[in-house]
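Analysis of the macromolecular model
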Amino acid sequence: MFWHSKLENLNDYFKKKSERNENSVYFYRINGYTEEIGHFLRTYYEAARKAGVIIEGRLPNPDEKNLAYYNEVMGMDFRLEPAFLTASLKKWLPRMNDFQRENVAVSLYDSLDSLRRQGKTEHMQKNAYIKFMCWLYYKFERIVNLLGEETIPKILYEGNISNYELMLISILSNAGCDVVLLQYQGEASYQKLDSGSVLSDELKQAGQQPFPEGFCIKQIRQQIQEEMNKERLYGRMPKKLNCTNAWIQSDSGGLALIKENAASRGSDPGFFYNCYIRINGAEDKLTYANELYQFQLELKNSGRRRLIVNECIERPAMDEIAAVHRSNYAKQDQMILDLSSNIKYTANLELQRMMVKSFVDVMYLEAEKTHDSLNKLTNKAVYLLCWLGRYQEKLFSGWKEDEIGCFIYMGGCGDENEAVFVRFLARLPLDVLILCPNLEKKCCLTDSLLYEINEPQSLDLRTFPQENTDVHVGTAAYHAERELDTLMYEGSGIYRTQQYDQANAMILQTMYEEIKILWNEEVKYRPNFGTSGGIVNIPVIFAKVSGVKDGEIPAYWRSVKELVNEDTFVIKSAPFIDPASPNPMKAHAPEFYKNGRLMKTKIKSHPDYPYGFLREEMQDYILEKMQALIDQKLIRGTFENGTEYTIVATILNLPKELVRLIQKFDFTKKNPKCIYINTTEAMISLEDTILTAFLNLAGFDVVFFVPTGYQNIERYFNRQVVLEHQIGEYVYDLRIPNLDGQSCNARPRWRDIIFKRGK
């Protein structure tokens, strides 16, 4: 017989028989959780799966078929005698040897005899005996022939155990089994069966907590299966794993850590030692740019590979996406395995294995973190692979073991696709440095490996200084003035000239009479004006005025004239832009817009680019609003018949007067205006619709005056965006007077008098 020994630590469960005290086994019940217990249970589960029995839920009672087979083989005799039990076990479970059979028989006799001593009838003893025999055959036959062997068989039981189950498992424990009872609801149920803890011991550990919600054997099995699947995905593992930031011991700045020689960071041959750092703000903005310049010079002189990206990672082009081999996927593992085959670096197979491992790690992290749909996760993986293909040679060309390159991202991650790519790079033999000197602009990257440094000062530096011409060092007085600006203007309602370079337009819903009131007001006095994160929210007017109030034509033209000022662009005939008129940008539009994105760099560098003389921030503003107009699909035909290219060509060919109005536009002061007058049946052109929609997005007030009431401006809008005001009776064939100064009281023509129409 075996006896229950006390644990010194949980690993004692995995000792061989010869490593234990003579004939000792362990039988413990676990009522709480620690990380150590969690790791132990996973290992114990694996041991029980290989040489043991796992019970999830109670053992089912023998059914009619089980009992019929037992009766056929064994008959229904029963005697509470060791010799009878030994003979029965030999016939019922022939694979047991004599030693195993004797131990089980003795333990079985003790349990049945305890029932007799409790006053149970012989019939009840017989029923228990048959139940035990059926359980031994149908559930435990695979381990009874392992009892007493060098590897101790394991039983893992989950839940509140019943009286007869506890008796049988005790029989097997006494015959040479290790047992673990997992009791998620605590001890109360067990103590009713074994109040003195005679049959088993309770495991007690410091810091034990209730089991995590959802913890169960099924969850352990799923986790192990996922890890097995991951191993299959990794293929052959690399010889070296990343030791990211863990080697850092000093409090020296982030730049100094990256400059530290790779060989001095650590010596374990199983690791490569890299940095993964984000620095928010600047320690001293007077010297910040120069420090970065000197830092990259040192990297360059040391021969380290480096790649610098400013503000954003340009989206993959169509040809880059097409180069990624992919299929339709039903499961996450299938997708990761298939896409990882795109990672090729035949020049160094060890580096290729590192890339594959990093890819698998990051995709699993992303799946756990965001719970994205499989389609979204696949898109992120494709972006990652496109960027790897784009930058692989620059980062790893000629890579040798123990070399650590450097990836520098100025400005920080703007979206999750970029964040996924940076997480991927940080698990390769690369130092990854993210610089966010402007504290108002946040990097969206989160990562448990990331080492973050926060500095007190904020600096609007968008480009990493790689040449001495890039280094602009401000004097103390200059930065003091900028700080004073912040104190004076931020949140005060007072704004410095051209203080902001980004704005969003919001269409105001107004009464017709309010147009005149709001027209000449500075936008900061309009309802819902505000600033947030360096962006101005501009309330604008985008309206159509139909009809003539009271039919009073002179008064009508006077009301129009009152809206015309030096910042008003007036269109007096439709269409304003003839589709057939020459536009030099039409031929280039397809190369300026690809894969859903404007090629801003290509546009600006093109010899025919018309806005190169504007302020840089205003050029960017025009291109951003052009992109927004396309993305909103406001214009009919966008992404259907090539209208997006018409949008590009039209906005890159604005009249000079409009370009000047945009150039002088200060987002917190009076906004520029556009008045479009259409007195005939003529429809405005697609290009006119694009023009007015763009001006609205750019922050212009745009008003259409249509005395006829005709629906001649709505043709090319995909949805109703222009607020219409019906102000009076419809009047036709009006002639537009000189709105720059000529009197609007011209006498009506005789035919207008006859037909009661004015001009």
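A closer look at the overall build of the protein
Check the secondary structure of the protein and you find 26 helices and 24 strands. The globule rule puts the C-alpha radius of gyration for 759 residues at 27 Å, and the 40 Å found for the protein is more than 25% above it. By principal-axis analysis of the C-alpha atoms, the protein measures approximately 130 × 70 × 50 Å. The buried share of the protein, reckoned over its 759 residues, is 49%. Counting contacts in the protein only where the partners sit at least 6 residues apart, residues at least 24 apart contribute 78% of the total. Looking at the protein as shown, the accessible area adds up to about 36,700 Å², and 49% of this sits on carbon and sulfur atoms.

With respect to helix 4 (residues 98-117)
For helix 4, which comprises 20 residues, the first-to-last C-alpha distance of 28 Å matches the rise-based estimate of 28 Å (1.5 Å per residue) to within 8%. For helix 4, the complete set of buried residues consists of Gln100, Arg101, Asn103, Val104, Ala105, Ser107, Leu108, Ser111, Leu112, Asp113, Ser114 and Leu115. Buried-residue contacts for helix 4 involve helix 3 (82-92), helix 5 (122-138), helix 6 (141-144) and helix 7 (163-174). Of the residues flanking the start of helix 4, the one acting as N-cap is asparagine 97, its side-chain oxygen 3.2 Å from the backbone nitrogen of phenylalanine 99. In the segment just after helix 4, glycine 119 is the residue with positive phi, at about 95 degrees.

Details of helix 5
Helix length check: helix 5, at 17 residues, gives a terminal C-alpha distance of 24 Å against a target of 24 Å (1.5 Å per residue), a fit within 8%. Buried within helix 5 are the following residues: Gln125, Ala128, Tyr129, Ile130, Phe132, Met133, Cys134, Trp135 and Leu136. As for helix 5, its buried residues are in contact with helix 2 (64-74), helix 3, helix 4, helix 6 and helix 7.

Some thoughts on the confidence of the model for the protein
Looking at the protein as a whole, its pLDDT mean stands at 89, while 94% of the residues score no less than 70. With pLDDT under 50 throughout, residues 468-472 is counted as low confidence; its partners more than four residues away or in other chains account for 8 contacts. Below a pLDDT of 50 lies the segment residues 741-759, which in the model reaches 30 contacts outside its immediate sequence neighbourhood of four places, other chains included.

Criteria and cut-off values
Residues numbered from 1 in each chain as written. Predicted model: local features only at pLDDT ≥ 70, side-chain atom pairs only at ≥ 80, totals over all residues. Heavy atoms only, no water. Helix = DSSP H or I, 4+ residues; strand = E, 2+ residues; numbered from the N terminus. Rg over C-alpha atoms; globule rule 2.2 N^0.38 Å. Buried < 20%, exposed > 50% of the residue type's maximum accessible area, 1.4 Å probe, protein only. Contact = heavy atoms within 4.5 Å. Areas by Shrake-Rupley, 256 points an atom, 1.4 Å probe, with all protein chains shown as cover. Expected span 1.5 Å × (residues − 1). Polar contact = N/O pair within 3.5 Å; in protein donor to acceptor, adjacent residues only side chain to side chain. pLDDT = per-residue confidence, 0-100.

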